[in-house]
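# Geometric and topological summary
Listed below, chain by chain, are the residues.
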Amino acid sequence: MQRIKGYHAHIYFDASTLEQARELCETAAATFPLKMGRMHQRPVGPHPDWSCQLAFDAQYIGVVLPWLALNRKGLVVFMHPLTGDDLADHRDHGIWMGAVRPLDLSIF
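Notes on the structure in this doc start here. Because the structure is a prediction, the values reported are computed rather than measured.

Let us now look at helix H2 (residues 61–71). Along H2, the residues classified as buried are Val 64, Trp 67 and Leu 68. Projected down its long axis, H2 shows its buried positions confined to an angular sector of 100°, all on one face. Structural note: H2 exposes Gly 62 and Leu 70 on the side pointing more than 90 degrees away from its buried face. Along its buried surface, H2 packs onto strand S1 (6–13), helix H1 (18–31), strand S3 (50–57), strand S4 (76–82) and strand S5 (95–97). Just downstream of H2 lies Lys 73, where phi reads positive at about 45°.

Residues Ile 11, Leu 54 and Leu 68 are the most contacted members of the largest nonpolar core, which totals 22 residues. The set of elements that each furnish at least two residues to this core consists of S1, H1, S3, H2 and S4. Sort the elements by how many residues they give to this core and H1 lands first, with five residues. Beyond its immediate stretch of four places on either side in the chain, Leu 68 contacts Ala 9, Ile 11, Leu 24, Leu 54, Val 77, Met 79 and Met 97.

This part takes up the sheet that holds S5. With respect to topology, five strands assemble into an open sheet ordered S2-S3-S1-S4-S5, the strand pairing being antiparallel. Because the sheet does not close on itself, it has two edges, and the strands there are strand S2 (35–36) and S5. Summarising the sheet, S1 and S4 pair through seven bridges and their orientation is antiparallel. Across the sheet, His 10 pairs through a bridge with Phe 78, a residue of S4. Helix-sheet contacts for H1 involve S1, S2 and S3, and the interaxial angle to S1 is about 155°.

One pass over the structure, following the stated rule, counts zero disulfides. This cysteine, Cys 25, is not joined by any disulfide, and Cys 52 carries the nearest cysteine sulfur, 3.6 Å off.

Calculation rules
- Residues numbered from 1 in each chain as written.
- Predicted model: local features only at pLDDT ≥ 70, side-chain atom pairs only at ≥ 80, totals over all residues.
- Heavy atoms only, no water.
- Buried < 20%, exposed > 50% of the residue type's maximum accessible area, 1.4 Å probe, protein only.
- Helix = DSSP H or I, 4+ residues; strand = E, 2+ residues; numbered from the N terminus.
- Arc of directions from axis to C-beta.
- Contact = heavy atoms within 4.5 Å.
- Core = buried A, V, L, I, M, F, W, Y, C linked by side-chain atoms within 4.5 Å.
- Pairing = 2+ DSSP bridges.
- Axes fitted to C-alpha atoms, helices over the stretch in contact; angles between N-to-C directions.
- Disulfide = S-S within 2.5 Å.

Interpretation in functional terms is not warranted from these geometric data alone.
The structure is reproduced here in C-alpha cells:
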C-alpha cells in the first residue's frame, strides 16, 4: 500500500463567496496545524475554479476532513492525498464535498 505523506484540501470559490472561503481557510489555519495557501482568484493548476489550498500532514485527516464537512457552508472542497503520484492522487484518490468539478489532468 502506498504511503500517504499528507493531504491537500482545495476550497473552491468565486467572487460572491470569496470572503466566505477566506474565513473558512483562515479559521482552519488557526484551528489545525496546517498551511494555508494563497486565495487564487483564477484557476490554478488542474483546478477549474478559484481556490485556496490547505496542506496538512496525514495524521490530521481524521479531524480536518470532518471539520471541513461541517463548516464548508456550501463551498466545494476537493481533497486528495499526497502519495508521490500526482495524476492518481487527483484522478483516482480524490474526495469531493459538494459538486464534482472537472479537473484538467493534462498537466500531469
